[in-house]
Amino acid sequence: MKQVIRTVIVAMLVASVGTACGDKTSSRGNDEIDRKVEALLSKMTLDEKIGQMNQITSGGMQIYVTNQIKSGGIGSILNEIDPLVVDSLQRIAVEESRLGIPILFSRDVIHGFKTIFPVPLGQAASWNPQVVENGGRVAAIEASSVGVRWTFAPMLDIARDVRWGRSVEGFGEDPYLTSVLGVAMIKGLQGENLSDPTAVAACAKHFVGYGAAEGGRDYNTAMISTEQLRNIYLPPFKAVAEAGVATFMISFNEINGIPNSGNGYLATEILRKQWKYDGLLVSDWNSVGEMQNHGFVKDDAEAAIVALNAGIDMDMENHVYAPNLKQLVKEGKVKESQIDDAVRRILKLKFQLGLFENPYVGKRESVFYAEDHLKKAKEAAIESAILLKNENDVLPLKESVKSIAVIGPMADAQHDQMGTWVFDGDKTHTVTPLAALRAEYGDKVKINYVPGLNYSRDLDKKQFAQAVAAARSSDVVLFFGGEEAIMSGEAHSRADISLPGAQKELIAELAKTGKPLVLIVMAGRPIEIYKELPLVNTYLFSFHPGTMGGPALADLIFGKAVPSGKLPVTYPKMVGQLPLYYNHKNTGRPAQDELPMIDNIPLEAGQVSLGCTSYYLDAGKDPLFPFGFGLSYTTFAYSDLQLSAQEIKTGGSIKVSCSVKNTGAREGAEIVQLYIRDLVGSVTRPVRELKAFEKVTLKPGEAKTVEFTLTADALKFYNNKDEEILEPGDYTLWVGPSSAEGLETSFVLK
Ligand code: GLC
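None of the values given here were measured: they were computed from a predicted structure. Each chain has its residues counted from 1, running along the sequence as written. Only residues with pLDDT of at least 70 get local features here, since the model is predicted, and only at 80 or more are side-chain atom pairs given and counted; chain-wide, interface and lining totals rely on the full set of residues. Each side-chain value is worked out from all heavy atoms of the structure, with water and hydrogens disregarded.

Focus: helix H16 (residues 371-384)
Counting along an α-helix, one turn takes 3.6 residues, and residues three or four places apart therefore face a common direction.
Thought 1: A helix here means a DSSP run of H or I that spans at least four residues, while a strand means a run of E at least two residues long, and both kinds are numbered starting from the N terminus. To estimate how far a helix should extend, the number of its residues minus one is multiplied by 1.5 Å. Over its 14 residues, H16 runs 20 Å from end to end, which matches the ideal 20 Å to within 8%, given 1.5 Å per residue.
Thought 2: Within H16, burial applies to His-373, Ala-377, Ala-380, Ala-381, Ile-382, Glu-383 and Ser-384. Under the scheme applied here, a residue whose accessible area is under 20% of the maximum for its type counts as buried, over 50% as exposed, and between as partly exposed, the area being computed with a 1.4 Å probe on protein chains only.

Encoded structure:
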């Protein structure tokens, strides 16, 4: 009897996880909180109200901070993680200020506080919401133990150009995958109820379109059409707004000439009026004042007016609201009622978090690096690794392998293995691949370790001869390469995304030995390895895998674990192809499969002899590896794709089922993906759109029928008149292992 796995499609996503993110409070609880908020607001002076809208980075116990707290001039403090200082500052707020309003302490806990999980893009490669939820929960338990009750995660920016340093912080290029994983992270961070002391308020950021920065240059200009904004960039934010995320953060960028910090269409019309979202909206760091750099406002006072009018509730580390709003109210340039609306949302969050009843951290036993935390971090690192090539099945290493050469700048890089956005992870706790291989497998194989290069950008080749000698004396060569942590993340975009330093040269030297060569890359983005790929037998991409990346990789290398990760972003052949993404439009002249490439164009070729279609003469039309691609140590076969009907009626749904069989000799997990294509639309539609996925684990020879429910609502889209529409017509549907392959069928939307 085949087991049937059922899953729901995106339109049901929120319905199925609607209150997934810690039912902030029940409706009764909300009414009670609303009453408390109104009662408190009615007692507040204008100064005290404006104080709540002011967020500053921690200055410890300095007098300028404590005096501001005493006068009720600070609503939130960023980056204080000493619980003693947190409680000392909180005591001043609660016991020495006039109204005793507690401070909300916040910190960026993007993929772990002390126990560091794989970078978010790596977690996305797991396509496993549970992995992401676990990461959020562990982060919240550890961060809340020092007093952090608000963090600025998940980052939900869709990224289609991996030159952008912050691609690493999100969940990739697809709106649906990002929506599902964003909801999961919030569920982990916020837990079942925000008033739980281990609950941390999450923050949907960066609202919105930040990842569309021109050229992948951080903070840069974004030009986004209405249909792209609605169909690509907004969906993850809508999903988390409906699933209960506690707060939002506006983004630095402008869209079509309007900086988001001053864009009322986004912050009020869409977020408040259309989505009915009533959580706190915080600026990004300094983003209110930076509207002057954008050339959108002339001074701080105008910045404060424009931001408040747009709907920004709290001014992060910019000191624009605090010094200007009172005078602006007096001058009638802003209304006190606007300030009241912002302060309501701030106070409501503090009540929801239970800060009035339990403002202090007190003495708590340390939860850092708890065994269960490390276990979950290792599981995440295992599921985040993507096997992209495995010629001759070099991995997992065979019993016959008695010696391995461990080479490369990332083999023992305790700091860099954690990746970007790690403020509090302690590198001494990082278990590197070298350490793990020695500890777990040192009795099985002889390990010949030569770094070859001391860090990813190292150009010094003095260790090459030693590294090559180690390779020659070993049965298999494991090269751990990639990027240092600093080469991705905020403000860290790259125009050249190949292996930095002399890594390419070292790989070439190692390849000359003729030994089986395994390339393992730790990085914050897909690395251009177009030229290196033919030189290696196996390519395992692990992003920056975090504290437990070493044990995870060691188990994958020796087969104790089986790779199951799939690409959450398209992997380009070369940087010149970017931006590159699977859900692209077809264009009027789509390239065919057979293309005249630069090396085989005849001399004096006629102007139109190559045909006139959309591709690169030197890179073709395809990526190196497509979105959704990833190999295993076993193989899977898809068969028997069935639809319950060939027609979907508006408001209706159909069932999609497909059998997946493990046709190999090892147990493995396969991420079954469902894509559709709307063949004709009143605006052009993508050639593929991910609408569902399901990760299934299968024993050798085992088959399961995976069943999806595809609703008509999941086929809705926006046109350029900002109308959400559903257009009857013909669709193609695929179920398969990636965005580039799968069983195909069709249906009609009536
Ligand atoms: C940064 C980032 C944002 C972060 C905030 C606080 O500039 O853009 O993601 O949460 O400031 O550190």
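Description of the sheet that holds strand E11 (residues 315-316)
In a beta sheet, neighbouring strands are held together by backbone hydrogen bonds and run either parallel or antiparallel to one another.
Thought 1: Strand order across the open sheet formed by five strands is E5-E4-E3-E2-E11, with parallel pairing between neighbours. Strands at the two margins of the open sheet, each flanked by one partner only, are strand E5 (150-151) and E11. The pairing criterion is simple: DSSP has to find at least two bridges between the two strands.

Points about empty space enclosed by the protein
Thought 1: Two kinds of site are reported from a 1 Å grid over the protein atoms alone, namely cavities, where a 1.4 Å probe fits but cannot get out, and pockets, open sets with protein on both sides within 12 Å along at least five of seven lines, and residues are called lining when an atom falls within 4 Å of a point. Grid points are joined across faces, edges and corners, and a volume is the space filled by probe spheres set on the points. On inspection of all chains with the given rule, the structure shows one cavity of 30 Å³ or more.
Thought 2: As a volume, the largest cavity reaches approximately 40 Å³.
Thought 3: What lines the largest cavity is simply Val-109, Ile-110, His-111, Gly-112, Gln-123, Gly-135, Gly-136, Ala-139, Met-185 and Leu-189.
Thought 4: For the lining of the largest cavity, the secondary-structure elements that each account for two or more residues are helix H7 (129-144) and helix H8 (175-190).
Thought 5: Of the residues forming the lining of the largest cavity, the biggest block, three residues, is contributed by H7.

Structural notes on the packing of H16 against helix H20 (residues 549-558)
Thought 1: For helices, the fitted line uses only the C-alpha atoms of the stretch in contact; every axis is such a line through C-alpha atoms, and the angle between N-to-C directions lies from 0 to 180 degrees. With their axes 8 Å apart at the nearest point, H16 and H20 run at an angle of 50 degrees to one another. With respect to each other, H16 and H20 are oriented oblique. Regarding H16 and H20, the two cross each other, and that crossing is right-handed. Contacts between H16 and H20 involve Lys-378, Ala-381 and Ile-382 on the former and, on the latter, Gly-549, Pro-551, Ala-552, Asp-555 and Leu-556.
Thought 2: When the residues that make up the contact of H16 with H20 are grouped by side-chain class, the tally is five nonpolar, one polar and two charged. Should an angle fall under 35 degrees it is taken as roughly parallel, and over 145 as roughly antiparallel, whereas 65 to 115 is taken as roughly perpendicular and any remaining angle as oblique. By convention the crossing between two helices is left-handed if the near helix lies anticlockwise of the far one by an angle smaller than a right angle, and right-handed if it lies clockwise. The contact rule is simple, with two residues in contact once any of their heavy atoms fall within 4.5 Å. Residue type decides the class: Asp, Glu, Lys and Arg count as charged, Ala, Val, Leu, Ile, Met, Phe, Trp, Tyr, Cys and Pro as nonpolar, and the leftover types, Gly among them, as polar.

Side note on the sheet that holds strand E13 (residues 403-407)
Thought 1: If you walk across this open sheet you meet the six strands as E12-E17-E16-E15-E13-E14, and the pairing is mixed. Looking along the sheet, the strands with just one partner apiece sit at the ends: strand E12 (386-390) and strand E14 (446-450). Put simply, the sheet's adjacent strands are angled 15 degrees from each other on average, direction ignored.
Thought 2: Pairing analysis gives five bridges linking E13 to E14, with the strands arranged parallel. Its bridge partner being in E14, Ser-403 is matched across the sheet by Lys-446.

What to know about the site of the ligand
Thought 1: Nearness is defined per residue: one heavy atom within 4 Å of the molecule or strand is enough. Every residue near the ligand is listed here: Asp-108, Phe-152, Arg-166, Lys-205, His-206, Met-249, Phe-252, Asp-284, Trp-285, Met-316, Trp-421 and Glu-490.
Thought 2: For the ligand, an oxygen atom lies 2.8 Å from a polar atom in the side chain of Arg-166.
Thought 3: Polar contacts here mean pairs of N or O atoms no more than 3.5 Å apart (in protein, one a potential hydrogen donor and the other a potential acceptor; neighbouring residues in sequence count only if both atoms are side-chain atoms). A distance of 2.6 Å separates an oxygen atom of the ligand from a polar side-chain atom of His-206.
Thought 4: If the ligand stood free it would expose 310 Å²; the protein chains cover 94% of that surface.
Thought 5: Its residues placed into classes, the shell around the ligand shows six nonpolar, one polar and five charged. Note that accessible areas follow from Shrake-Rupley with a 1.4 Å probe, and for residues the cover is restricted to the protein chains shown.

Some words on the pattern of salt bridges
Thought 1: Salt-bridge detection follows one rule: a side-chain nitrogen of Lys or Arg within 4 Å of a carboxyl oxygen of Asp or Glu. Following the criterion strictly, the structure yields 48 salt bridges and no others.
Thought 2: Residue Arg-107 pairs with Asp-424 through a salt bridge whose shortest N-O separation is 2.6 Å. Taken as a pair, Arg-107 in strand E4 (residues 104-107) and Asp-424 in the loop between E13 and helix H17 (433-441) lie far apart in primary sequence, 317 residues in all. When sorted by exposure, Arg-107 lands in the same class as Asp-424, which is buried.
Thought 3: Linking Arg-344 and Asp-341 is a salt bridge whose minimum nitrogen-to-oxygen distance equals 3.0 Å. Of this pair, Arg-344 and Asp-341 both sit in helix H15 (residues 336-352), three residues apart, which is roughly one turn of the helix.
Thought 4: Residue Arg-344 is classed as partly exposed on the basis of its relative accessible area, which comes to 27%.
Thought 5: Since its relative accessible area comes to 37%, Asp-341 is described here as partly exposed.
Thought 6: One network of salt bridges, with partners in common, ties together Asp-34, Arg-272, Asp-278, Asp-313, Arg-345 and Lys-348.

Notes on the nonpolar core
Thought 1: As used in this record, nonpolar core signifies buried Ala, Val, Leu, Ile, Met, Phe, Trp, Tyr and Cys residues forming a set joined through side-chain atoms within 4.5 Å. Counting residues in hydrophobic clusters, the biggest one holds 108 residues, and the most contacted among them are Phe-207, Phe-248 and Leu-325.
Thought 2: Top contributing element to this core by residue count: H8, with nine residues.
Thought 3: Residue contacts for Leu-325: discarding those within four places in its chain leaves Ile-50, Met-53, Ala-304, Leu-308, Val-334 and Ile-339.

Focus on the packing of helix H9 (residues 226-233) against helix H10 (residues 235-243)
Thought 1: It is at 5 Å that the axes of H9 and H10 come closest, and there the two elements cross at 50 degrees. Classed by the angle they form, the pair H9 and H10 counts as oblique. Across from Leu-229, Arg-230, Asn-231, Ile-232 and Tyr-233 in H9, the residues of H10 making contact are Pro-235, Pro-236 and Phe-237.
Thought 2: Split into classes, the residues belonging to the contact of H9 with H10 amount to six nonpolar, one polar and one charged.

Some details on the side chain of Thr-732
Thought 1: Looking at the element boundaries, Thr-732 is found in strand E26 (residues 729-738).
Thought 2: With sequence-adjacent residues up to four places away left out, Thr-732 is seen in contact with Tyr-675, Ile-676, Arg-677, Leu-679, Glu-744, Thr-745 and Ser-746.

Focus on unusual backbone geometry
Thought 1: Cis rather than trans, the peptide bond between Phe-207 and Val-208 has omega equal to 5 degrees.
Thought 2: Structurally, Val-208 can be placed in the loop between strand E6 (203-207) and H9.
Thought 3: Cis geometry marks the peptide bond from Leu-395 to Pro-396; its omega dihedral reads -10 degrees.
Thought 4: Of note, the phi angle at Tyr-369 is positive, near 55 degrees, even though the residue is not glycine.
Thought 5: Topologically, Tyr-369 is positioned in the loop between H15 and H16.
Thought 6: You can call Tyr-369 buried: its relative accessible area is 12%.
Thought 7: At Asn-392, a residue that is not glycine, the phi angle is positive and equals roughly 60 degrees.

Remarks on the environment of Glu-484
Thought 1: Turning to its location among the elements, Glu-484 is positioned in the loop between strand E15 (476-482) and helix H19 (503-511).
Thought 2: When the C-alpha positions of Glu-484 and His-544 are compared, they lie 9.0 Å apart, and in sequence the two are 60 residues distant.
Thought 3: In this view, Glu-484 contacts Asp-416, Tyr-455, Ser-456, Arg-457 and His-544; residues no more than four positions away in its chain are not counted.
Thought 4: Engagement of the side chain of Glu-484 in a polar contact is seen with the side chain of Ser-456, the distance being 2.6 Å.

Things to note about the environment of Lys-446
Thought 1: Within the secondary structure, Lys-446 sits in strand E14.
Thought 2: We classify Lys-446 as exposed; its relative accessible area is 52%.
Thought 3: It is 22 Å that separates the C-alpha atoms of Lys-446 and Met-548, two residues lying 102 residues apart in sequence.
Thought 4: If we skip the residues at most four places from it in the chain, Lys-446 touches Lys-402, Ser-403 and Ile-404.
Thought 5: Separated by 2.3 Å, the side chains of Lys-446 and Asn-448 make a polar contact.

Here's the deal with the pairing of strand E21 (residues 668-678)
Thought 1: The buried fraction of E21 amounts to 10 of the 11 residues, a majority that puts the element mostly inside the structure.
Thought 2: Here E21 runs beside E26; their pairing, made up of six bridges, is antiparallel. Each bridged residue has a counterpart across the sheet, and for Asp-678 the counterpart in E26 is Tyr-731.

A word on the domain arrangement of the protein chain
Thought 1: Where each domain begins and ends follows an automated or database-derived domain assignment. Each assigned domain of the protein chain is listed with its residue range as follows: domain 1 (9-32 + 115-136 + 149-352), domain 2 (377-558) and domain 3 (636-749).
Thought 2: Taking only C-alpha atoms into account, the centre of domain 1 sits 30 Å from that of domain 3.
Thought 3: If you look at the interface, domain 1 gives 19 residues, while domain 3 gives 20 residues.
Thought 4: Defined in terms of a 1.4 Å probe, buried area is the accessible area two parts forfeit on being brought together, summed over both. Taking both partners together, domain 1 and domain 3 bury about 1700 Å²; carbon and sulfur atoms supply 64% of that area.
Thought 5: Seen at the junction of domain 1 and domain 3, the total is one salt bridge.
Thought 6: Across the pair Arg-230 and Asp-722 runs a salt bridge whose closest N-O atoms are separated by 2.6 Å.
Thought 7: Put simply, domain 1 and domain 3 have six residue pairs in polar contact (both at pLDDT 80 or more) between them.
Thought 8: Elements supplying a minimum of two residues to the side of domain 1 that touches domain 3: helix H1 (10-17), H8 and H9.
Thought 9: It is H9 that provides the largest number of residues to the side of domain 1 that touches domain 3, a total of four residues.
Thought 10: In the side of domain 1 that touches domain 3, the residues fall into 11 nonpolar, five polar and three charged.

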